[in-house]
There are 2 protein chains.
Amino acid sequence: MNDEGNLRPRYPGSSPQNPRILVVGAGAIGGYYAGKLAQSGAIVSTVHHSQADYDAVRTHGIHVESIHGDFHYHPFSVHREVPGASFSADTILVAVKALPDLDVAELIRPAVREHTVIVLLQNGLGNEELIAKAFPRNTLISGLAFICVSRIRPGVLRHLCYGRLSIGLYPRGVDDHVRGLSTLFESSGVSCAVCTDIIGERWKKLVWNAAFNPISVLGHQATTRDMMDSGVVRTLIENVMREVCRLARAEGYPLDEEAMVAKNMGETDRMESYKTSMLLDFEAGRPLEVEAILGYASRVARKHGIAAPCLNTLHALLTLATRPKVG
Amino acid sequence: MNDEGNLRPRYPGSSPQNPRILVVGAGAIGGYYAGKLAQSGAIVSTVHHSQADYDAVRTHGIHVESIHGDFHYHPFSVHREVPGASFSADTILVAVKALPDLDVAELIRPAVREHTVIVLLQNGLGNEELIAKAFPRNTLISGLAFICVSRIRPGVLRHLCYGRLSIGLYPRGVDDHVRGLSTLFESSGVSCAVCTDIIGERWKKLVWNAAFNPISVLGHQATTRDMMDSGVVRTLIENVMREVCRLARAEGYPLDEEAMVAKNMGETDRMESYKTSMLLDFEAGRPLEVEAILGYASRVARKHGIAAPCLNTLHALLTLATRPKVG
């Protein structure tokens, strides 16, 4: 297979330097990175689930208030649904939330062609498996975003801190698509690491996420400082991190437990206090990625027969806290 | 020692049938049982921490809207502080919350005489130890209340369901004081079991309390039905119950783990859905008995080197959720 071939122009106006990219779920994270890709010359189209976002973006484009300097862009085309036969993209970048009742494969299927590269920029673990199964012949890139960005109103985003990406082929490796996408991001100033073992990187990110995100919500609106200031909570956080490390190891991604705990605790101690993304979602009444972050870990524990009582407890409590409320 | 002697009249107006009882913490539970004792002929005085309660009760007495029929009583005397030298009681019944920053021994010390019987009607475990240490020569009775009663405004209580008591000597055994107090309660229609092993009974009650009370709060206002309807939450509840059973066994109170889990789950499945007392306290902004219910269990686990990851997780999260909120 000739990897280079997939990057050749296939549609009018598309070229390796100006690929057509369809961003599905152009909310905070999707909208921000879509803008950076547009700055680099990509022909970016966006899909908005919300009517308000769709209306605002179609009329005014997307405005980003960024710590790196505000910017504004108009997508090449704006859609409410993933476009079908009449539309073609070299790359589909998926930045919708990882929620159990959303079938991402079915969502993007209308736009997936033989050579379409699919990029998943989602939280948690387990998202790639279903996409790889649905589109086994397509190149699948998994990406991790380290960024604080929020949508403050339709068509307006606020980028508060960080912004780097890590990307790699699923399940492992790197190819020219990965390198090409990284180059595209880097040329707009987004640091984008190319990883040969992106799922290992996901496990590393989960070490922090699986502890701080759920505990911030279950601890009733706790900031990172609130959590780090309590001895019993610190112990809990460390225990959760150790459980994640053990699961990663069982899945073939060995992590140094002591080093991971020390690194994550130390960095969080040195950070400014802030609210986790899960807490911000919870406070705004948005759905939480409980299954992608904790449900997956619980299932991995069960599969390998590994005890993960803290993760299981957090998973059960968060399932309860996010139950559908009647009336 | 002649147990009978302690029940003999020592103060004008006091007799075994009409003992002088000082109820410290005459809120919902204390106010209810004080009223039942008054109905049985006890000379009941009450201590109210809240000025509003004190004012209302001094003027109007206490009104109880009860499923067993409403009733009204005027305490013999009403106090804002535990009365000292000029006051004498045969029995001090303590029904204040079990909170770490409240030193119950110091609170009641002004009213404790050589022969005063002390009755603790509090939740959780570990409350008796400090009282026994402070007043080693006094008879100490430990009591468990199974009741739903709430204070709906100063001087007015609503008794919704249940109402039975279990009492016994601390740390174990039964004497004439216990039997006399039970008779007094029973003569007002309160079922009051006499237990030779009251701390074992406390552990049994903790099996339910340690699971449902914390989870109802951490699960963001979950009723018993919300909890029982979720498979992962049921598993968590059962795991918490098993951990409590193991701790009870290590402390010398063997409980049949399977039978306890089956009994508590079955009874809760058959109950009407309701909010736990800890959840009601949380919603009302009142302090929660985190340490008496979960902190004690965590300490017992540490003492014996027994794993109690679910209890420890609940303890840490509840500590976080009830942290002092700034501004």
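Treat the numbers as computed from the prediction; the structure is a model and nothing was measured.

Chemist: Lay out the interface of chain A and chain B in plain terms, naming residues and giving numbers.
Modeler: Taken together, the contact pairs 26 residues of chain A with 26 residues of chain B. Together, the buried faces of chain A and chain B total about 2100 Å²; carbon and sulfur atoms form 74% of this surface. Three residues stand out in chain A for area buried against chain B, namely His220, Leu317 and Leu320 of chain A, and they jointly supply 30% of the buried area on that side. Where chain A packs against chain B, one counts two salt bridges. Between Asp226 of chain A and Arg323 of chain B there is a salt bridge whose closest N-O contact spans 3.2 Å. Viewed at the interface, chain B and chain A are joined by 10 residue pairs in polar contact (both at pLDDT 80 or more). The set of elements that each furnish at least two residues to the side of chain A that touches chain B consists of helix 7 (198-218), helix 8 (224-228), helix 9 (231-250) and helix 13 (309-321) of chain A. By residue number, the principal contributor to the side of chain A that touches chain B is helix 13 of chain A, which donates 10 residues. Taken together, the residues that form the side of chain A that touches chain B break down as 16 nonpolar, seven polar and three charged.

Chemist: Quick rundown of the environment of His74 of chain A? Include the residues and the values.
Modeler: All names here are of chain A. Following the sequence through the fold, His74 ends up in the loop between strand 4 (71-73) and strand 5 (77-79). C-alpha separation for the pair His74 and His63, spaced 11 residues apart in sequence, amounts to 8.9 Å. Not counting chain neighbours up to four residues away, the residues in contact with His74 comprise Val57, Thr59, His60 and Gly61. A distance of 3.5 Å separates a polar atom in the side chain of His74 from the backbone oxygen of His60.

Chemist: Give a detailed account of unusual backbone geometry, specifying residues and quantitative values.
Modeler: Going from Tyr170 of chain A to Pro171 of chain A, the amide bond is cis rather than trans, its omega being 0°. Structurally, Pro171 of chain A is set in the loop between strand 9 (156-169) and helix 6 (176-186). Of note in the backbone geometry, His220 of chain B takes a positive phi value of approximately 55° without being a glycine. By secondary structure assignment, the location of His220 of chain B is in the loop between helix 7 (198-218) and helix 8 (224-228). His220 of chain B sits in the buried class, given a relative accessible area of 8%.

Chemist: Residues and numbers for the environment of Gly84 of chain B, please.
Modeler: Residue and element names in this part refer to chain B. With respect to the secondary-structure elements, Gly84 resides in the loop between strand 5 (77-79) and strand 6 (91-94). Accessibility expressed as a relative area gives 25% for Gly84, which makes it partly exposed. Each C-alpha atom of the pair Gly84 and Ile108 lies 9.2 Å from the other, and the pair is 24 residues apart in sequence. In contact with Gly84, other than residues within four places in its own chain, are Pro110 and Arg113.

Chemist: Give me the lowdown on the packing of aromatic side chains, citing residues and values where you can.
Modeler: Using the criterion set out here, one finds 12 aromatic pairs over all chains in the structure. Aromatic ring contacts, followed pair by pair, group Tyr32, Tyr33, Phe71 and Phe185 of chain A into a single cluster. Positioned above the aromatic ring of Phe71 of chain A is the side chain of Lys36 of chain A, whose terminal nitrogen or guanidinium carbon lies 4.8 Å from the ring centre. Of note, Lys205 of chain B hangs over the ring of Phe146 of chain B, and the distance from its end group to the ring centre comes to 4.8 Å.

Chemist: Can you lay out the pairing of strand 3 (residues 62-66) of chain A for me, pointing to particular residues and giving the numbers?
Modeler: Residue and element names in this part refer to chain A. Because side chains alternate across strand 3, one face comprises the buried residues Ile62, Val64 and Ser66, and the other comprises His63 and Glu65, none of which is buried. In this antiparallel pair of consecutive strands, strand 3 and strand 4, the connection spans four residues, and Gly69 shows a positive phi of 110°. Pairing analysis gives four bridges linking strand 3 to strand 9, with the strands arranged parallel. The residue of strand 9 that forms the bridge with His63 is Val156.

The rules behind the values
Residues numbered from 1 in each chain as written. Chains lettered and ligands numbered in written order. Predicted model: local features only at pLDDT ≥ 70, side-chain atom pairs only at ≥ 80, totals over all residues. Heavy atoms only, no water. Contact = heavy atoms within 4.5 Å. Buried area = accessible area lost by both parts, 1.4 Å probe. Salt bridge = Lys/Arg side-chain N within 4 Å of Asp/Glu carboxyl O. Polar contact = N/O pair within 3.5 Å; in protein donor to acceptor, adjacent residues only side chain to side chain. Helix = DSSP H or I, 4+ residues; strand = E, 2+ residues; numbered from the N terminus. Nonpolar A, V, L, I, M, F, W, Y, C, P; charged D, E, K, R; others polar. Buried < 20%, exposed > 50% of the residue type's maximum accessible area, 1.4 Å probe, protein only. Phe/Tyr/Trp six-rings, centres within 6.5 Å; stacked < 30°, edge-to-face > 60°. Lys NZ or Arg CZ within 6 Å of the ring centre and 35° of its normal. Pairing = 2+ DSSP bridges.

Function-wise, these values are silent; they only describe arrangement.
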